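Breakdown of the fold
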Amino acid sequence: MLELDFSPVWSGWRDLAHGAAVTVEVTVGAIVLGCIIGLLLGLGRLNPKRRIVYGLCTAYVSFVRGTPLLVQLFIWFFGFPLVGLTLSAFFCGVVGMGMYSGAYVSEIVRGAVQSVDNGQNEAARSLGLSSAQTMMHVIVPQALVRMIPPLGNEFIALIKNSSLVSLLTITDLMHEGQKIISVSYRSLEVYLAIACVYFVLTNLTGMALKRLESKLRRSRV
């Protein structure tokens, strides 16, 4: 009969806590970068008539969404040094994940903006607002509420995908867990503990975004 021994987890909880903190740092950095990139790409893909901007944004989204995140991280960390560009593991993890997430956030932004009734745009323009002013002060604020649920899914997926940065030698939660396993050989117990930490992180993120959505909806009433 299988007997679980969590003593290596208890003795190594400080290392796991440090790894969880690094995971949060990497994920938060990637989320911020991903939202900035996603907003720019999403707005850039709204008007196909601007062929150069639309084409560049579409090519970026197609490439990033069509290739695995792990391959992109390896390009940043292992590929660029071959051409003389050596970057820190943490930087590669944040930028690689942020650029990957930005492609998906862009589709969320584009879909939310396009879902706003066109009459809002026409009314704002009739009041003398420019196209940029209309987008920033009228369309985007309304679209923001509609972005929250899909953005929540993207952020949760990013938290889970952050486990890949351990392969770049970043001392995140997964990396610290692997170190404990290499000494204790209690892989099942350690992986269960790691899974619980990710479960807590993803659920806290989901609850925070639900509260934000509720506040935004009340403020629009």
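The notes below deal with the structure included here. Everything numeric in this text was worked out from a predicted model, so none of it was measured. All chains use their own residue numbering, which begins from 1 and follows the written sequence. Only residues with pLDDT of 70 or above have their local features reported here, since the model is predicted, and side-chain atom pairs are shown and tallied only from 80 upward, although totals for entire chains, interfaces and linings are computed over all residues. Hydrogens and water molecules were not included; the side-chain quantities draw on all heavy atoms of the structure.

Re the packing of aromatic side chains
Two aromatic rings are characterised by how far apart their centres lie and by the angle between their planes. Pairing of aromatic side chains here covers Phe, Tyr and the six-membered ring of Trp, requires ring centres within 6.5 Å, and sorts the geometry by plane angle: under 30 degrees stacked, over 60 edge-to-face, intermediate tilted. All chains considered together, the criterion is met by 6 aromatic pairs. Each ring, one from Phe6 and one from Trp10, has its centre 6.2 Å from the other, and the planes form 40°; the classification is tilted. When a residue's accessible area, from a 1.4 Å probe over protein chains only, is under 20% of the maximum for its type it is buried; when over 50% it is exposed; and in between it is partly exposed. Residue class for Phe6 comes out partly exposed when judged on its relative accessible area of 26%. Taken together, the ring pairs in this structure connect Phe74, Phe77 and Phe78 into an aromatic cluster.

Quick look at a nonpolar patch on the surface
A cluster of nonpolar side chains, namely Val24, Val28, Val32, Ile36 and Leu40, defines an oily patch on the protein surface of about 440 Å² accessible area. Put simply, DSSP H or I for four residues or longer makes a helix, DSSP E for two residues or longer makes a strand, and each gets a number counted from the N terminus. With respect to the helices, strands and loops of the structure, Val32 is situated in helix H2 (residues 13–44). To count toward a patch, a residue needs a relative accessible area over 30% and no salt bridge; like charges are then connected within 9 Å, while nonpolar side chains (Val, Leu, Ile, Met, Phe, Trp, Tyr) are connected within 5 Å. For accessible areas, the Shrake-Rupley method is used with a probe of radius 1.4 Å. Any residue's cover is judged against the shown protein chains and nothing else. What makes a salt bridge here is a side-chain nitrogen of Lys or Arg within 4 Å of a carboxyl oxygen of Asp or Glu, nothing more.

Remarks on helix H4 (residues 69–79)
Regarding H4, the residues found buried are Leu69, Gln72, Leu73, Trp76 and Phe77. Viewed end-on, H4 has its buried residues packed into an arc of 120°, placing them on one side of the element. Residue contacts are counted whenever heavy atoms from the two residues lie within 4.5 Å of one another. Contacts from the buried residues of H4 go to helix H3 (51–65), helix H5 (89–115) and helix H7 (131–161). It is the directions from the helix axis to the C-beta atoms that the arc portrays.

Overview of the layout of surface pockets
Over the atoms rolls a probe the size of a water molecule, and its path tells where empty space is left. Buriedness for pockets is judged along seven lines, at least five of which must meet protein on both sides within 12 Å for an open set on the 1 Å grid over protein atoms alone, while cavities are sets there where a 1.4 Å probe fits but cannot get out, and lining residues have an atom within 4 Å of a point. Grid points are joined across faces, edges and corners, and a volume is the space filled by probe spheres set on the points. As a volume, the largest pocket reaches approximately 590 Å³. In terms of lining residues, the largest pocket is bounded by 18 residues, among which Leu46, Asn47, Val113, Ser131 and Met135 are the most central. Considering each element in turn, the lining of the largest pocket owes the most residues, 5 residues, to H7. Reported here for the second largest pocket is a volume of approximately 190 Å³. Lining the second largest pocket are 13 residues, and of these Cys35, Val109, Leu144, Met147 and Leu151 lie nearest its centre. Elements supplying a minimum of two residues to the lining of the second largest pocket: H2, H5, H7 and helix H9 (187–220). Sort the elements by how many residues they give to the lining of the second largest pocket and H7 lands first, with 6 residues. The nonpolar class holds Ala, Val, Leu, Ile, Met, Phe, Trp, Tyr, Cys and Pro. Asp, Glu, Lys and Arg form the charged class, and all remaining residues, Gly among them, are polar. Residues that form the lining of the second largest pocket fall into these classes: 13 nonpolar, no polar and no charged.

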